[in-house]
Amino acid sequence: RCLCKLYVCEFCLKYMRKESTMSHHKHECIHRCPPGRVIYQEERVKIYEVDGRQKMYCQNLCFLSKLFLDRKTMFFNVEPFVFYVLCEVNSCGAHMVGFFSKEKHSPEKHNLACLLIFPPYQK
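A few words now on the overall build of the chain. From N to C terminus, the chain includes two helices and seven strands. Along the chain, helices and strands appear, N-terminal first, in the series β-β-α-β-β-α-β-β-β. Projected onto its principal axes, the C-alpha positions of the chain cover 45 × 40 × 30 Å. Here the chain holds 123 residues, and 37% of them are scored as buried. For the chain, contacts bridging at least 24 residues in sequence account for 40% of all contacts bridging at least 6. Of the roughly 8,500 Å² of accessible surface on the chain, 53% is carried by carbon and sulfur atoms. Positive and negative side-chain charges of the chain, numbering 19 and 12 respectively, have mean locations separated by a distance of 6 Å.

This is how it looks when you write it as structure tokens:
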């Protein structure tokens, strides 16, 4: 059976198959920003640093990224990574624009693992 639409909470990144489930979730979800600390802030822009130990959020971020990146392969082993989430902020919360990730300890000294700006924000 084909899934025509996938509903994703923009704040906690939980994904759902049904619009009714999403509608219910919107009223129940307590999150309004990524589960990390703000490392940069300027007017309506914030960057959050999210440790890969926030496993569910980071795994869902990787799954969401796979919809836009053909070569995205890392989904489950997120703990060795740090994610930097770029958001536009308004009175409703922090709305994700994009992110990049990097390994916490890279033997090869890599400083970037993944970079994505979501399509509505690409110019």
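Picking up after the structure, the text goes on.
Moving on, we get to the nonpolar core. Counting residues in hydrophobic clusters, the biggest one holds 20 residues, and the most contacted among them are Val50, Tyr57, Leu61, Phe83, Val85, Met96 and Phe99. Of all elements in the fold, only strand E4 (45–51), helix H2 (55–66), strand E5 (81–90), strand E6 (93–103) and strand E7 (114–117) reach the threshold of two or more residues within this core. The contact partners of methionine 96, leaving out residues within four places of it in the chain, are Leu13, Tyr57, Leu61, Val85, Leu86, Cys87, Phe118 and Tyr121. Ranked by size, the runner-up nonpolar core spans seven residues in total, among them Tyr7, Cys12, Met22 and Cys29.

Here is what the cut-offs are and how they apply
Residues numbered from 1 in each chain as written. Predicted model: local features only at pLDDT ≥ 70, side-chain atom pairs only at ≥ 80, totals over all residues. Heavy atoms only, no water. Helix = DSSP H or I, 4+ residues; strand = E, 2+ residues; numbered from the N terminus. Buried < 20%, exposed > 50% of the residue type's maximum accessible area, 1.4 Å probe, protein only. Contact = heavy atoms within 4.5 Å. Areas by Shrake-Rupley, 256 points an atom, 1.4 Å probe, with all protein chains shown as cover. Lys, Arg positive; Asp, Glu negative; His and termini not counted. Charge placed at Lys NZ, Arg CZ, Asp CG, Glu CD. Core = buried A, V, L, I, M, F, W, Y, C linked by side-chain atoms within 4.5 Å.

Read these as layout, nothing more, since geometry by itself doesn't imply function.
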